[in-house]
Structure formats: C-alpha cells, structure tokens
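Residues per chain, in single letters:
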Amino acid sequence: MPQLLLGLLFAIIIAFLARRARSLSRSGAYAAVLVGTLIFGLGGWQWAIILLTFFISSSALTRLFGKRKAALNEKFEKGGQRDAAQVLANGAVASLFAGLHFFFPAAAWPWLAFAASMAAVNADTWATELGVLNPTPPRLITNGKPVDRGTSGAISFYGTLSALAGAALIAILAAVLDPHVQPSLITYRFLLITFAGIAGALFDSLLGATVQAIYHCPKCDKETERHPVHTCGMETVQIRGWKWLNNDMVNLACAVVGAALGMILS
Ligand SMILES: [Zn+2]
C-alpha cells in the first residue's frame, strides 16, 4: 500500500510538470496520474523508469522540429498535447501487466510483456515524430507507393530507423533492469523486446494503411485522420476504414501486439 501512495505522489508530480510543459491536456494529465500510479505502485521503480523513458522521450521528440511538423498538424487526429484517450492507448496494456506482476510476483512474463508493449508504443511514437523528417516522401506499407508526409500507414527510411532506435532503447533498459535478471539472458531479452517493439509499430502502420478510419477534407482536398472537423474548420467525410478504428485504437493495437509477442517469445 505505501508503494501505491508513493506511486500516486510521483505520478502527480510528473503529470503536473508535463501539464506545465503543455505535453498533456487536462484529461491527459488525469489519465497519466492513473497510469503512473498503477505502473509505479504495482510494478516498482524499474517499471517507472521504462514508463518515464517513453514519456519523456516522446514528449521531447514531439517538440523537436516543431516548425517542420506544423504543416502536418492537419493530417494527425490530434495536436501536440496528449489527451486521455492517447495516454490510455499507450499506457493501458502496460498498466495491466504491472497489475499482473503484482498478483504473480515470481513470474517473469509480466515484465517482458510490459516492456515489449512499451517498446512498441515508443517505436511507433519515435517513427511518427522523426519519420516526417525523411528527405523524400514516405511510401505506403502495403503497396510501396509514395504518399504525402504524415499519411497513416506510410513508412520511410528515417521512420523505420527511428522505430528501431525507439524499440532498442526500451529493450536495453528492460533487459538490464529486469527484476528477475539472469545475465545469460540479457542479450536474448534485448533482441526479443526490440523485435516485439518493431513488430508492434509495423502492425500499427499496416492498420493505418488498411482499416483505420481515414477522412477527406473537401475544402483542402486532403486526406486526414481528423474528424468531425478539419484544421480549416470544414467537416471531414470518411473515405475508408472502419469508423471505430481511430488513431487511438490503432495505438492500442500496437501495444497489444508488442505485449503478446513479448509473452509468446519469453
Ligand atoms: Zn481542410
């Protein structure tokens, strides 16, 4: 119980700082307190380090090259401040496995699934934030055709490299900080979590290119994730995908795939 209270205190401080830095909306800050309390309170400090690595690096990368990204804002469903749905899409699976660790403290799989889900969302966020800097237009993951920057389901060299780096950073921390660490398994665990992270991020792109709900702005004549209104104020019209499968659901799927692979391969 004291650890849950400590987790709550710690999560409130982080959410407060993130709110001041405008990285979280009000609802996002509440969701971050919930996720942070569960992960630190039920997992432990090792879990908190992984969560913070994701949170701080993603928030920092969102700010980087802001001018070059401003033009892409119209494509993405949401702006720079993460709201509750975004925080939960990235953190719900991780929180679940922190809870499972609490009930099965001797088992190694909750940590691996947790770390792999964080590696997946970190890979995906890094790829989104840094992939837009690729010098040439990205290509759709399904047919390789060049598309506009910021298009859902598009991949690029920079983006893929960033996904690899994002997954590897979480993986190396997770392999070393593993509460059940066995030195002989560190390299294997590093490779496993990196692989699960990349696979989750690629699955995210695959959904983005196929079944994610995508809209069209008749005024700007552009494809966008934004609904019901575009950045220009015009109502957007759905042109493909499943209506319920928005960007948050796709991110949740990315976390689920990462965790599932982490569990299966452990
Ligand atoms: Zn528009």
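As a reminder, the structure under discussion sits directly above these lines.
Residues numbered from 1 in each chain as written. Predicted model: local features only at pLDDT ≥ 70, side-chain atom pairs only at ≥ 80, totals over all residues. Heavy atoms only, no water.

Regarding the overall build of the protein chain
Right, so step 1: Counting its secondary structure elements, the protein chain contains nine helices and five strands.
Right, so step 2: For the protein chain, the α and β elements follow one another from N to C terminus as α-α-α-α-α-α-β-β-α-α-β-β-β-α.
Right, so step 3: For 266 residues, the compact-globule estimate of 2.2 N^0.38 gives 18 Å, and the protein chain sits close to it at 18 Å.
Right, so step 4: Counting only C-alpha atoms, the protein chain reaches 55 × 35 × 30 Å along its principal axes.
Right, so step 5: The 266 residues of the protein chain split such that 52% are buried.
Right, so step 6: Contacts in the protein chain between residues at least 24 apart in sequence constitute 71% of all its contacts with a sequence separation of at least 6.
Right, so step 7: Counting 20 positive and 13 negative side-chain charges, the protein chain places the centres of these two groups 7 Å from one another. (Helix = DSSP H or I, 4+ residues; strand = E, 2+ residues; numbered from the N terminus. Rg over C-alpha atoms; globule rule 2.2 N^0.38 Å. Buried < 20%, exposed > 50% of the residue type's maximum accessible area, 1.4 Å probe, protein only. Contact = heavy atoms within 4.5 Å. Lys, Arg positive; Asp, Glu negative; His and termini not counted. Charge placed at Lys NZ, Arg CZ, Asp CG, Glu CD.)

Examining the nonpolar core
Within soluble globular proteins, side chains that are nonpolar tend to cluster in buried spots.
Right, so step 1: By size, the foremost hydrophobic cluster in this structure holds 41 residues, and its most contacted members are Leu24, Ile39, Ile50, Trp111, Phe114, Met118 and Ile193.
Right, so step 2: When sequence neighbours within four positions are dropped, the list of residues in contact with Ile39 reads Gly44, Trp47, Ala48, Leu51, Gly91, Ala94, Ser95, Ala98 and Phe114.
Right, so step 3: Grouped together as the second largest cluster of nonpolar side chains are six residues, Leu61, Leu72, Leu130 and Val132 included. (Core = buried A, V, L, I, M, F, W, Y, C linked by side-chain atoms within 4.5 Å.)

Section: the coordination of the zinc ion
Right, so step 1: Bound to the zinc ion are the protein donor atoms Cys217 (SG), Cys220 (SG), His230 (ND1) and Cys232 (SG), situated 1.9 to 2.3 Å from the metal.
Right, so step 2: Taken together, the four donor atoms surrounding the zinc ion define angles of 103 to 115° at the centre, an arrangement classified as tetrahedral. (Donors = N, O, S within 2.8 Å, 3.2 Å for Na, K, Ca; no water. Tetrahedral: all angles 85-135°; square planar, octahedral: opposite > 155°, others 65-115°.)

Details of the packing of helix 6 (residues 109-131) against helix 7 (residues 157-177)
Right, so step 1: Running from amino to carboxyl end, helix 6 crosses helix 7 at an angle of 150°, the nearest separation of the two axes being 7 Å. As the angle between them shows, helix 6 and helix 7 are arranged roughly antiparallel. As for the relative orientation of helix 6 and helix 7, their crossing is right-handed in sense. Seen from helix 6, the contacting residues are Trp111, Ala115, Met118, Ala119, Asn122, Ala123, Trp126, Ala127, Leu130 and Gly131; seen from helix 7, they are Tyr158, Gly159, Ser162, Ala163, Ala165, Gly166, Ala167, Leu169, Ile170, Ala174 and Leu177. (Axes fitted to C-alpha atoms, helices over the stretch in contact; angles between N-to-C directions. Parallel < 35°, antiparallel > 145°, perpendicular 65-115°, else oblique. Left-handed = near helix turned anticlockwise from the far one by under 90°.)

Describing the pattern of salt bridges
Right, so step 1: Evaluated as defined, the whole model comprises five salt bridges.
Right, so step 2: Linking Lys75 and Asp148 is a salt bridge whose minimum nitrogen-to-oxygen distance equals 3.9 Å. Of the two residues, Lys75 is situated in the loop between helix 4 (66-70) and helix 5 (84-103) and Asp148 in the loop between strand 1 (139-140) and strand 2 (154-155); the sequence distance between them amounts to 73 residues.
Right, so step 3: For Glu223, the salt bridge identified is with Arg240, shortest N-O distance 3.1 Å. (Salt bridge = Lys/Arg side-chain N within 4 Å of Asp/Glu carboxyl O.)

Notes on the sheet that holds strand 3 (residues 214-217)
Right, so step 1: Spatial ordering of the open sheet is given by 4-3-5, a layout of three strands whose pairing is antiparallel. The sheet is open, and its two edges are formed by strand 4 (222-224) and strand 5 (237-240), each paired on a single side. Between one strand and the next, the sheet's axes are offset by a mean angle of 45°, whatever the strand orientation.
Right, so step 2: With three bridges connecting them, strand 3 and strand 4 associate as antiparallel partners. Within strand 4, the residue paired with His216 across the bridge is Glu223. (Pairing = 2+ DSSP bridges.)

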